[in-house]
Amino acid sequence: MKRLRKILDALIPRYGRIPLIVAVAWNMTVYFGSRLIAGDWPHHNIEGELDKLIPLVPWTVAIYLGCYLFWIVNYILIARQGKREVCQFFAADFLSRAVCLAFYLLYPTTNIRPVVEPEGLWNQVVIGLYATDAADNLFPSIHCLVSWFCYIGLRGKNSVPKWYRVLSCLLALAVCISTLTTRQHVIADVAGGIALAEICLFIGKKTRVWSVYERILNKMNRRLSLEGEDSCVQRKK
């Protein structure tokens with residue numbers, strides 16, 4: 001047990017664990033909760049003329065589904081940063097899902113998926129994806145939102161090798177493209193996800209925002225005996 005604890009301490013700082021858990025739980029609550037509430041409500045199709053020109057490319061479903069590993073790795077890397085950076089990022093992450101929830105309930109969207117022939121492995125995977133993932137909760141795209149967060153959460157961080165930061169950008173772009181070539185999303189969904197990530201991170205870096213998140217985090221960490229140190233704001237005074 002002690003060895004496992006040491007490995008965990010080396011992998012993720014104690015102050016970074018609750019933010020990760022909350023991020024996953026809040027994301028699932030927003031995505032599945034909004035679907036339970038608004039699943040039968042009227043949905044709006046915001047597909048444009050350009051979207052109709054984008055072909056279905058079945059093999060890109062591998063990127064669409066494989067991005068979860070990308071998300072896990074990068075969110076752990078972000079949780080390993082300094083406490084201030086962790087609070088800024090995860091405050092932004094939390095805020096972004098709140099905005100998503102508002103859109104999913106106030107202006108639920110959908111799209112028209114193509115008919116996929118059953119021949120071929122990737123076609124079968126796409127058919128399976130369509131069968132298990134309803135065409136709702138589309139704007140803004142959480143796939144694009146989280147993938148872009150994975151990039152901008154490391155952007156400019158010299159503690160992470162430059163080659164990996166560049167790779168993260170390329171992977172985020174690849175995921176965004178895959179949401180279009182699997183016909184899971186439309187261009188507006190992609191643009192909305194990227195813009196929301198940038199805006200929320202900008203807001204999350206404001207002291208009044210991230211310091212509130214940090215105070216809540218400190219209380220949770222103290223109750224769980226994960227951390228007993230003072231806040232970043234207090235130490236600066």
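The sections below set out a description of the structure shown in this document.

Quick word on the pattern of salt bridges
Under the criterion given, the structure shown has six salt bridges. Arg35 serves as the salt-bridge partner of Asp136, at 2.7 Å between the closest nitrogen and oxygen. Of this pair, Asp136 sits in the loop between helix H6 (121-132) and helix H7 (142-152) while Arg35 sits in helix H2 (residues 17-38); the two residues are 101 residues apart in sequence, bridging distant segments of the chain. In this pair, the class of Asp136 matches that of Arg35, namely buried.

Quick word on the nonpolar core
Tyr75, Phe89, Phe90, Cys100, Phe149 and Ile152 are the most contacted members of the largest nonpolar core, which totals 44 residues. Counting residues per element, the ones that place at least two in this core are H2, helix H4 (61-79), helix H5 (83-106), H7, helix H8 (162-181), helix H9 (187-204) and helix H10 (207-223). One finds Tyr64, Val116, Val126 and Tyr130 within the second-largest nonpolar core, a separate group that totals six residues.

Overview of the packing of H4 against H7
Running from N to C, H4 and H7 point in directions that differ by 40 degrees, and their axes come no closer than 9 Å. With respect to their mutual orientation, H4 and H7 come out oblique. The way H4 lies across H7 gives a crossing that is left-handed. Listed contacts from H7 to Tyr64, Cys67, Tyr68, Phe70, Trp71, Asn74, Tyr75 and Ile78 of H4 are Ile142, His143, Val146, Ser147, Phe149 and Cys150. Considering only residue class, the contact of H4 with H7 consists of eleven nonpolar, three polar and no charged.

What about H10?
An ideal rise of 1.5 Å per residue puts 24 Å on 17 residues; H10 measures up with 24 Å between its terminal C-alpha atoms. For H10, the complete set of buried residues consists of Trp210, Ser211, Tyr213, Glu214, Leu217, Asn218 and Asn221. For H10, the angular spread of buried residues about the axis comes to 155 degrees, placing them on one side. The outward face of H10, more than 90 degrees from its buried face, is lined by the exposed residues Arg208, Lys219 and Arg223. Phi turns positive one or two residues past the end of H10, at Ser225, with a value near 60 degrees.

Focus: a positive patch on the surface
Taken together, the side chains of Arg215, Lys219, Arg222 and Arg223 make up a positively charged region of the molecular surface. You can see Arg223 is positioned in helix H10. Classification of Arg223 by relative accessible area gives exposed; the value is 77%.

Some thoughts on the packing of H2 against H5
Packing of H2 against H5 leaves a shortest axis separation of 9 Å and a crossing angle of 5 degrees. When the axes of H2 and H5 are compared, the pair comes out roughly parallel. Facing Pro19, Leu20, Val22, Ala23, Trp26, Asn27, Val30, Ser34, Ile37 and Ala38 of H2, the residues of H5 in contact are Val86, Phe90, Asp93, Phe94, Arg97, Ala98, Cys100, Leu101, Tyr104 and Leu105. For the contact of H2 with H5, a count of residues per class yields 16 nonpolar, two polar and two charged.

With respect to a nonpolar patch on the surface
There is a patch of nonpolar side chains on the surface, built from Val24, Met28 and Phe32 and spanning about 290 Å² of accessible area. With respect to the element layout, Met28 can be found in helix H2. Given a relative accessible area of 45%, Met28 falls into the partly exposed group.

What about H2?
Along its 22 residues, H2 runs 31 Å from first to last C-alpha, staying within 8% of the 32 Å computed at 1.5 Å per residue. Listed in full, the buried residues belonging to H2 are Arg17, Ile18, Pro19, Leu20, Ala23, Trp26, Asn27, Val30, Tyr31, Ser34, Arg35 and Ala38. Packed against the buried residues of H2 are helix H1 (2-11), H4, H5, H7 and H10.

Re empty space enclosed by the protein
Taken as a whole and judged by the stated rule, the model has two cavities of 30 Å³ or more. The computed volume of the largest cavity comes to approximately 50 Å³. The residue inventory of the lining of the largest cavity, partitioned by class, reads four nonpolar, two polar and three charged. Its volume calculated, the second largest cavity comes out at about 40 Å³. Lining the second largest cavity, in full, are Pro19, Val22, Ala23, Trp26, Phe90, Asp93, Phe94 and Tyr213. Listed by contribution, the elements that provide at least two residues to the lining of the second largest cavity are H2 and H5. Counting residues per element, the lining of the second largest cavity draws most heavily on H2, which supplies four residues. For the lining of the second largest cavity, the residue count by class is seven nonpolar, no polar and one charged.

Definitions and cut-offs
- Residues numbered from 1 in each chain as written.
- Predicted model: local features only at pLDDT ≥ 70, side-chain atom pairs only at ≥ 80, totals over all residues.
- Heavy atoms only, no water.
- Salt bridge = Lys/Arg side-chain N within 4 Å of Asp/Glu carboxyl O.
- Helix = DSSP H or I, 4+ residues; strand = E, 2+ residues; numbered from the N terminus.
- Buried < 20%, exposed > 50% of the residue type's maximum accessible area, 1.4 Å probe, protein only.
- Core = buried A, V, L, I, M, F, W, Y, C linked by side-chain atoms within 4.5 Å.
- Axes fitted to C-alpha atoms, helices over the stretch in contact; angles between N-to-C directions.
- Parallel < 35°, antiparallel > 145°, perpendicular 65-115°, else oblique.
- Left-handed = near helix turned anticlockwise from the far one by under 90°.
- Contact = heavy atoms within 4.5 Å.
- Nonpolar A, V, L, I, M, F, W, Y, C, P; charged D, E, K, R; others polar.
- Expected span 1.5 Å × (residues − 1).
- Arc of directions from axis to C-beta.
- Patch = residues over 30% accessible without salt bridge, like charges linked within 9 Å, V, L, I, M, F, W, Y side chains within 5 Å.
- Areas by Shrake-Rupley, 256 points an atom, 1.4 Å probe, with all protein chains shown as cover.
- Lys, Arg positive; Asp, Glu negative; His and termini not counted.
- Charge placed at Lys NZ, Arg CZ, Asp CG, Glu CD.
- 1 Å grid on protein atoms, 1.4 Å probe; cavity = no way out; pocket = protein on both sides within 12 Å on 5 of 7 lines; lining within 4 Å.
- Points joined across faces, edges and corners; volume = space filled by probe spheres on them.

Geometric values such as these leave the question of function open.
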